[in-house]
Amino acid sequence: MTVVLETRHLSRSFNAIRAVDDVSFSLHKGELLALIGPNGAGKSTCFNMLMGQLKPTSGAVFLNGENLVGQSPRAIWRKGVGRTFQITGTYQSMTVAEHVQMALISHHRRIFSIPPYAHGLYRDEALGFLDLVGMRDQADRPCAVLAYGDLKRLELAIALSHDPTLLLMDEPTAGMAPRERTALMQLTADIVRDRGISVLFTEHDMDVVFAHAHRIMVLNRGRLIADGSVEEIRNNPQVQEVYLGGGTLFKPEAGASRARTFRCEQFLRQGACAWRSQLYG
């Protein structure tokens, strides 16, 4: 099978904290790959390195054989990588269609050459993407009145607007009702099947993961501890230990005090809050 995305010994440290530690994996064309793990395992940090928001401390990221390390998020997006985020970021006064149109205007490199009125540019193409995610009937509604599940579907339409070969979805169903979660991931699985897109997604809802993922990787304390099929992951004793409470975020070194471990956990929480503030204001 064709390898679309590959990481080799990917690592990222924040001072003494090793958030991602020697992670190597590959994603094939048309594969729906889940990256799961407890909070603080390093999933979002890994995603931020794949998309260029963070530079790895060491290691490499390859897209179709090209090393992406050191390239900007915009350059990586231009190479065919789409991304959705845990927290949706839309403009409340803009309509659903206008959001997708702006992504298309950027894709066609017309940001600096658009006429005074851009509302007619690529509208039919935008409506096509909205139809793909079941949002065409809400094309002219402002985002301020949309339900959260609809905002998630809109974000998916925006991510698909430049016809990516790889889609990164960071907790795509976070904050959604159970029925909405199932519907969104079924939609994603249909897009993977119909368009041959490769998808890497993180998720905490194990029902969603087990129902839709072709393969699952498990991250804990920054390291990959398992990689396999749904049944292999479901029956893996080490994975069960992590998810049933036997695994902890940090493991004290021999002779380390409990206070030192607490300080490490506190440092990571503060760092995560600071990074989120940088991303979302």
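Structure: above.
Residues numbered from 1 in each chain as written. Predicted model: local features only at pLDDT ≥ 70, side-chain atom pairs only at ≥ 80, totals over all residues. Heavy atoms only, no water.

Draft legend 1. Broad picture of the overall build of the protein. Looking only at helices and strands, the protein has 10 helices and 10 strands in total. When the 281 residues of the protein are sorted by exposure, 45% land in the buried category. Counting only contacts in the protein whose residues sit at least 6 apart along the sequence, the fraction spanning at least 24 positions is 67%. (Helix = DSSP H or I, 4+ residues; strand = E, 2+ residues; numbered from the N terminus. Buried < 20%, exposed > 50% of the residue type's maximum accessible area, 1.4 Å probe, protein only. Contact = heavy atoms within 4.5 Å.)

Draft legend 2. Quick peek at helix α1 (residues 43-50). Taking burial as the measure, the eight residues of α1 include seven buried ones, the bulk of the element. Those residues of α1 that fall on the buried side of the exposure criterion are Lys 43, Thr 45, Cys 46, Phe 47, Asn 48, Met 49 and Leu 50. A positive phi of about 90 degrees marks Gly 52, the residue just after α1.

Draft legend 3. A look at the packing of helix α3 (residues 96-107) against helix α4 (residues 123-132). Relative to each other, α3 and α4 sit at 115 degrees, their axes nearing to 9 Å. Between α3 and α4, the angle is such that the two are roughly perpendicular. With respect to the hand of their crossing, α3 and α4 are arranged in right-handed fashion. Seen from α3, the contacting residues are Val 96, Ala 97, Val 100, Gln 101 and Leu 104; seen from α4, they are Arg 123, Glu 125, Ala 126, Phe 129 and Leu 130. Across the contact of α3 with α4, the residue classes break down as seven nonpolar, one polar and two charged. (Axes fitted to C-alpha atoms, helices over the stretch in contact; angles between N-to-C directions. Parallel < 35°, antiparallel > 145°, perpendicular 65-115°, else oblique. Left-handed = near helix turned anticlockwise from the far one by under 90°. Nonpolar A, V, L, I, M, F, W, Y, C, P; charged D, E, K, R; others polar.)

Draft legend 4. Fine view of the packing of aromatic side chains. Going through the model one piece at a time under the given rule, you end up with zero aromatic pairs. A cation over a ring is seen here: Arg 8 above Phe 62, with NZ or CZ 4.2 Å from the ring centre. Geometry around Phe 14 places Arg 12 over its ring, the cationic atom sitting 4.8 Å from the centre. (Phe/Tyr/Trp six-rings, centres within 6.5 Å; stacked < 30°, edge-to-face > 60°. Lys NZ or Arg CZ within 6 Å of the ring centre and 35° of its normal.)

Draft legend 5. Region of the structure containing the packing of α3 against helix α5 (residues 148-160). Between α3 and α5, the least distance of the axes is 8 Å, while the angle of their chain directions is 25 degrees. One way to sum up the angle between α3 and α5 is to call them roughly parallel. In the crossing of α3 with α5, the sense of the turn from one axis to the other is right-handed. Along its contact with α3, which presents Val 96, His 99, Val 100 and Ala 103, the element α5 presents Leu 154, Ala 157 and Ile 158. The class makeup of the residues in the contact of α3 with α5 is six nonpolar, one polar and no charged.

Draft legend 6. Geometry of the sheet that holds strand β5 (residues 66-67). Taking strand neighbours across the sheet as the criterion, the four strands line up as β2-β1-β4-β5 in an open arrangement whose pairing is antiparallel. Of all strands in the sheet, those bounded by a partner on one side alone are β2 (17-28) and β5. Taken together, the eight bridges between strand β1 (residues 3-14) and β2 define a ladder with antiparallel strand orientation. Directly across from Leu 10, in β2, lies its bridge partner Val 23. Against the sheet, α1 makes contact with β1, β2 and β4 (58-63), and its axis sits at roughly 120 degrees relative to β1, the strand it touches most. (Pairing = 2+ DSSP bridges.)

Draft legend 7. Just the sheet that holds strand β10 (residues 223-228), in detail. Read from one edge to the other, the open sheet built from six strands follows the order β6-β7-β8-β3-β9-β10, with strand pairing classed as mixed. The open sheet has two free edges, formed respectively by β6 (81-84) and β10, since each of these has just one partner strand. Strand after strand, the sheet turns through a mean of 15 degrees between neighbouring axes, direction not considered.

Draft legend 8. Examining the environment of Arg 195 more closely. Tracing the chain through its elements places Arg 195 in helix α6 (residues 178-195). In the structure, Arg 195 is positioned 32 residues away from Asp 163 in sequence and 9.2 Å away in space, judged by C-alpha atoms. Among residues more than four places away in sequence, those in contact with Arg 195 are Phe 129, Leu 132 and Asp 163.

Draft legend 9. Structural detail: α5. Over its 13 residues, α5 extends 19 Å from the first C-alpha to the last, a length consistent with the 18 Å expected when each residue adds 1.5 Å. Counting buried residues in α5 gives 10 out of 13 residues, a clear majority hidden from the surface. The set of residues buried in α5 consists of Gly 149, Asp 150, Leu 151, Lys 152, Leu 154, Glu 155, Leu 156, Ala 157, Ala 159 and Leu 160. Elements that come into contact with the buried residues of α5 comprise β6, α3, α4, β7 (166-170) and α6. (Expected span 1.5 Å × (residues − 1).)

Draft legend 10. The arrangement of the layout of surface pockets in detail. In this model, the second largest pocket occupies a volume close to 920 Å³. For the second largest pocket, the lining is made up of 27 residues, of which Trp 77, Phe 85, Gly 89, Ala 103 and Ile 158 are closest to its centre. Those elements that provide at least two residues to the lining of the second largest pocket are α2 (73-78), β6, α3, α5 and α10 (258-280). Counting residues per element, the lining of the second largest pocket draws most heavily on α3, which supplies four residues. For the lining of the second largest pocket, a count of residues per class yields 14 nonpolar, 10 polar and three charged. (1 Å grid on protein atoms, 1.4 Å probe; cavity = no way out; pocket = protein on both sides within 12 Å on 5 of 7 lines; lining within 4 Å. Points joined across faces, edges and corners; volume = space filled by probe spheres on them.)

Draft legend 11. Local environment of the nonpolar core. Among the nonpolar cores identified, the biggest contains 44 residues, and Leu 130, Leu 156, Phe 201 and Ile 216 are the most heavily contacted of them. If we ignore the near neighbours within four places in the chain, the residues touching Leu 156 are Thr 84, Val 133, Leu 167, Met 169, Leu 184, Leu 187, Thr 188 and Ile 191. Listed in part, the 27 residues of the second largest apolar core include Val 20, Phe 47, Ile 76 and Trp 77. (Core = buried A, V, L, I, M, F, W, Y, C linked by side-chain atoms within 4.5 Å.)

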